[in-house]
Amino acid sequence: MTDLNETHDPSLRAWLDSANDETLGFPIQNLPYCVFRRAGSQEAWRPGAGIGDRILDLAALARARPFTGDAARALAACQGSDLNALMALDAGCRSALRLSLSRALRAGSPLRQDLAPLLVAQSEAEFSVPARIGDYTDFYISLHHATSVGRQFRPDNPLLPNYKWVPIGYHGRASSIGVAQHFHRPVGQTRPAQEGGVPGFGPCARLDYEVELGVFIGTGNPLGRRVALDDADAHIFGLTILNDWSARDLQAWEYQPLGPFLSKNFASTISPWIVTLEALAPFRAPFGRGDGEPQPLPYLSSTRNSAAGALDVQLRATLTTAQSRAQGAPAATLSRSNLRDAYWSVAQLVAHHTVNGCNLQPGDLLGTGTLSGPQPDQAGSLLELTQGGKTPVTLPWGETRLFLQDGDEVALEAECVKPGYPRISLGAAVGRVLPALD
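It should be emphasised that the depicted structure is a prediction, and the values quoted were computed from it without experimental measurement.

Caption draft 1: How the structure looks around the side chain of threonine 137. Residue placement: threonine 137 occurs in strand β6 (residues 136-139). A polar atom in the side chain of threonine 137 sits 2.8 Å from the side chain of histidine 353.

Okay, structure coming up:
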């Protein structure tokens, strides 16, 4: 696990004034990565680092060659159209680049004159998916979500017997992952009205969102070589926000016997920002199970994971509709939850994913699954908030929702907050539902 170092000093201030604005969440202690270009331009997509309300153009900085050693090697990997080359480097190189960027952006840095012309306003930029995602696996690590949903289908036995022993996951569709997505309502088959009847077909009627975080893989592992739990953090590049949109009526018809397919692969929205695991080090927390819970098998258990395997990342889901935007009404908060309440740690996901010899590669994405908390208002989906479509959610401007309607826009936000430390933002994953295509 990443130890605290000088880049985490809460007293550090940047020479860029906006970086010292607590409301933005992009202080010098954060330095998240993205891939961007100026909006409306034909410029090449290129890596950037977030600082205040600006983006530091890392490709342009690489051409200036201001750093030496491992930091120079890492910066040189930031000249393509994605972050995969940087992700592929060892954790030490990536840490060296973070340190050099931190020093260059601090108040009093002699590199200020060199870096200032390389800053682009975030408001003038457009973003791309930050990595070339070869594979995408979505897990199911919230006990509260699994219990709530399971209770709707199996009231007397909501959790299947393997849930508390093995991190459950399924292989998703990488090609439909995007940032700031406007996507069409999916169309597909639904359960017959009567047993043995003909399935229905048409636009999804029970469209839902899912509050998740995404774990981007950095350094990969060779085929056949598993990653030990205590080595997993060195293979994690960072975290992003993930909304794994779900067509619940399609899902109910197709999920047995092999799990989700068309109900999940039509769109998945992520934040354009990746916050490195190193930047999240101050928000580590003990990871443990409650009294009476089974303890993980040895390959999923270690002293280090128990001491600091959890991460205190707060999440919020908000909704606007066509009506609310026309009225100028603020977004409605649907729920709040926290990664800290998850049943499995992110390191355990990597260890389990590779225990059979599966080779993860730089840029692969692991989803946490819906992150719900123990309280009703901490549910990470409408399926839970409406008790399976039975109890509508009333929005502040008078509309109600059981599931998402055309024109609805969901924004998922995530941040790390604690007394005496600058706020760390993971940005937002924003998506809007368009009508189904004929």
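Still more to cover.
Caption draft 2: Representation of the pairing of β6 within the structure. Both faces of β6 are covered, namely the face carrying Tyr136 and Asp138 and the face carrying Thr137 and Phe139. Pairing analysis gives 3 bridges linking β6 to strand β22 (residues 365-367), with the strands arranged parallel. Note on β22: the bridge partner recorded for aspartate 138 is glycine 367. As judged from the 3 bridges shared by β6 and strand β7 (residues 169-171), these two strands associate in the antiparallel manner. If you follow phenylalanine 139 over to β7, its bridge partner there is glycine 169.

Caption draft 3: Representation of helix α6 (residues 143-153). Residues of α6 that are buried include every one of Leu143, His145, Ala146, Thr147, Val149 and Gly150, and no others. The inward-facing, buried residues of α6 abut α11 (382-385).

Caption draft 4: Representation of the sheet that holds strand β9 (residues 181-184) within the structure. Spatial strand order, β9-β26-β25-β20-β21: 5 strands in an open sheet with mixed pairing. On the outer flanks of this sheet lie β9 and β21 (332-338), each paired with one strand and no other. When strand polarity is set aside, the average angle formed by the axes of neighbouring strands in this sheet is 20°. Pairing of β9 with strand β26 (residues 421-434), which is carried by 4 bridges, proceeds in the parallel orientation. Bridging across to β26, phenylalanine 183 finds its partner in valine 433.

Caption draft 5: Representation of the environment of serine 337 in the model. Structurally, the position occupied by serine 337 is in strand β21. In this structure serine 337 comes out as buried when scored by relative accessible area, which is 8%. For serine 337 and aspartate 21, which are 316 residues apart along the polypeptide, the C-alpha to C-alpha distance reads 25 Å. Serine 337 has contacts with Val211, Val313, Gln314, Leu315, Leu371, Ser372, Gly373 and Gln378, leaving out every residue within four places of it along the chain. At 2.7 Å, the side chain of serine 337 forms a polar contact with the backbone oxygen of leucine 371.

Definitions and limits used
- Residues numbered from 1 in each chain as written.
- Predicted model: local features only at pLDDT ≥ 70, side-chain atom pairs only at ≥ 80, totals over all residues.
- Heavy atoms only, no water.
- Helix = DSSP H or I, 4+ residues; strand = E, 2+ residues; numbered from the N terminus.
- Polar contact = N/O pair within 3.5 Å; in protein donor to acceptor, adjacent residues only side chain to side chain.
- Buried < 20%, exposed > 50% of the residue type's maximum accessible area, 1.4 Å probe, protein only.
- Pairing = 2+ DSSP bridges.
- Contact = heavy atoms within 4.5 Å.
- Axes fitted to C-alpha atoms, helices over the stretch in contact; angles between N-to-C directions.

No statement about biological role is implied by the geometric values presented.
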